[in-house]
Amino acid sequence: MTKLRLAIVGAGPAGIYAADILLKAERKFDVSIDLFEQLPAPYGLVRYGVAPDHPRIKGIVNALRDVLDRGDIRLFGNVRFGEDITLDDLKKHYNAVIFATGAIRDTSLDIPGIDAVASYGAADYVSWFDGHPDVPREWPLDAASVGVLGNGNVALDVARMLAKHAEDLLVTEVPANVYEGLKASQVTDVHVFGRRGPAQVKFTPLELRELGELRDVDMVVYDEDFDYDDAAKDAVASNKQVMVIDRILQSWRKRDSVNNAGGTASRRLHLHFWAKPVEVRKDDNGRVAALVYERTRPDGQGGAVGTGELREVPLQALYRAIGYFGSPLPGVPFDKKHGVIPNREGQVLAKDSNERVPGIYATGWIKRGPVGLACRELGRMSGDPTAIRPTSARTPDGWTAPLFLHSRCVNRICPYIRMLGPRHEHGRCRIDGCSVPLS
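Each value, and the rule that gives it
- Residues numbered from 1 in each chain as written.
- Predicted model: local features only at pLDDT ≥ 70, side-chain atom pairs only at ≥ 80, totals over all residues.
- Heavy atoms only, no water.
- Pairing = 2+ DSSP bridges.
- Helix = DSSP H or I, 4+ residues; strand = E, 2+ residues; numbered from the N terminus.
- Axes fitted to C-alpha atoms, helices over the stretch in contact; angles between N-to-C directions.
- Contact = heavy atoms within 4.5 Å.
- 1 Å grid on protein atoms, 1.4 Å probe; cavity = no way out; pocket = protein on both sides within 12 Å on 5 of 7 lines; lining within 4 Å.
- Points joined across faces, edges and corners; volume = space filled by probe spheres on them.
- Nonpolar A, V, L, I, M, F, W, Y, C, P; charged D, E, K, R; others polar.
- Buried < 20%, exposed > 50% of the residue type's maximum accessible area, 1.4 Å probe, protein only.

Engineer: Even after reading the chapter, I still don't get the sheet that holds strand β10 (residues 267–272), so can you show me in this structure?
Structural biologist: Sheets are built from strands paired through backbone hydrogen bonds, the pairs being either parallel or antiparallel. Ordered by their spatial adjacency, six strands build an open sheet running β6-β14-β7-β8-β10-β9, and the pairing between neighbours is parallel. The open sheet has two free edges, formed respectively by β6 (119–121) and β9 (217–220), since each of these has just one partner strand. Pairwise comparison of adjacent strand axes, ignoring direction, gives a mean angle of 20° for this sheet. The pairing of strand β7 (residues 145–149) with strand β8 (residues 189–193) spans five bridges and is classified as parallel. For leucine 149, the partnering residue across the bridge sits in β8 and is phenylalanine 193. Running over the sheet, helix α7 (residues 153–163) touches β7, β8, β9, β10 and β14 (317–320) and is turned about 165° from β7.

Put into structure tokens, the structure is as follows:
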């Protein structure tokens, strides 16, 4: 029986779900799928992008593991696309290639001073507290006053993991080095800045409510931010999620810490709305000294416009949490403006002609940008690989991915279950090397 050979680059949720859907599709021929992942272990941002105190979201790993447990998908870890294996290699040996490499870089922010010492992208900090193998084991936490730019769940994750006391993470799977780093943290105040108002935030209620439950942390909101216009009032009245968020924020206005006027906790978490970053001030050593922001106001349509009023908040560190951005892949068309692989309903488009590239596809965040958590969209492609027939690849007799990678000196081809370590260490261990039979 003829066999369809598929290669998927990226073993996060999008890549694994794509493989699962393709294998379950009805067809009259066999399907063989190889997953190639640059890290030692699979699961992408579910493994290396979710805070250790959020086991509910990390539980998605169990569903992904079930797919890999079936044994009908081969996973090759520690394989860097463009170095260990190229697009030409994959096109030569597979009928189709699907890119599911996600978006792991921080979106840039073009304001003066953003390059200051102690000005960080949130993605790097998240990778650190999640035990990413490519990130240093130490993180500088010597700042007393820290700023976080953004009004989404990533900003809340960063703010929470800065303000939360280290001992309260001991019940989680926090890595030992991260616990020690957080235990020595000098932080007293965390300031979260968003350019729009409380009714326009991108938080989810569960994550927002969690902030108010942190031990020995005062929530600080400011009354001046809650002068709602008609558009904000309509949003609160018509959208259940906005209504719940507003209820949470309004409850914090009743606390002694409102307007930073009281409170007894050793740490404070401030929420600043209507605050558009304008400049990062530096000290004489080039380090973050303050954030200058422009006070904004409602535009009547759910947005914000500047007022011209500038304010300054002293800081010693700043985290940018304004979105993730895709990375270009060698030999693959890339949209630098949007951080995605250009595509039409999943089928990759040529850079110059805008024509569909036969046999090359994209799915997940690298296809459409960082929207949603886990991607199950493959079936919505009109250029769906399920329509591919096993005619295009020319696979020499005896060719196998393990032998090929071995010939490229990729010596750490690890079965995913061996990479995960003991069950209580799932998502935490860094693998220094193992091997499997080359067949």
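Still more ground to cover, so stick around.
Engineer: Would you mind going over empty space enclosed by the protein with me for this structure?
Structural biologist: Vacant regions in the atomic arrangement are exposed by a probe of water-molecule size rolled over the atoms. Here the structure, examined in full by the defined rule, presents one cavity of 30 Å³ or more. By volume, the largest cavity amounts to about 70 Å³. Surrounding the largest cavity, 13 residues form its lining, Pro140, Leu141, Ala143, Ala317 and Tyr319 being those nearest its centre. Residues of the lining of the largest cavity, tallied by class, amount to 10 nonpolar, one polar and two charged.

Engineer: Any chance you could explain unusual backbone geometry here in plain terms?
Structural biologist: Comment: phi is negative for the bulk of residues other than glycine, and the bulk of peptide bonds are trans. Positive phi is not limited to glycine here, since aspartate 216 has a value of about 55°. With phi around 65°, asparagine 354 is a residue other than glycine that occupies positive phi space. By the secondary structure assignment, asparagine 354 is in the loop between β17 (347–349) and β18 (356–362). A relative accessible area of 43% places asparagine 354 in the partly exposed class.

Engineer: Explain the layout of surface pockets here, please?
Structural biologist: Here the largest pocket defines a volume of roughly 1200 Å³. Surrounding the largest pocket, 42 residues form its lining, Gly152, Asn153, Val154, Ala321 and Gly323 being those nearest its centre. Among the secondary structure elements, those contributing two or more residues to the lining of the largest pocket are α3 (55–58), α6 (122–129), α7 and β11 (275–282). By residue number, the principal contributor to the lining of the largest pocket is α7, which donates four residues. Classifying every residue of the lining of the largest pocket gives 21 nonpolar, 12 polar and nine charged. The computed volume of the second largest pocket comes to approximately 850 Å³. Contributions of two or more residues to the lining of the second largest pocket are made by α1 (13–24), α2 (44–48) and α6.

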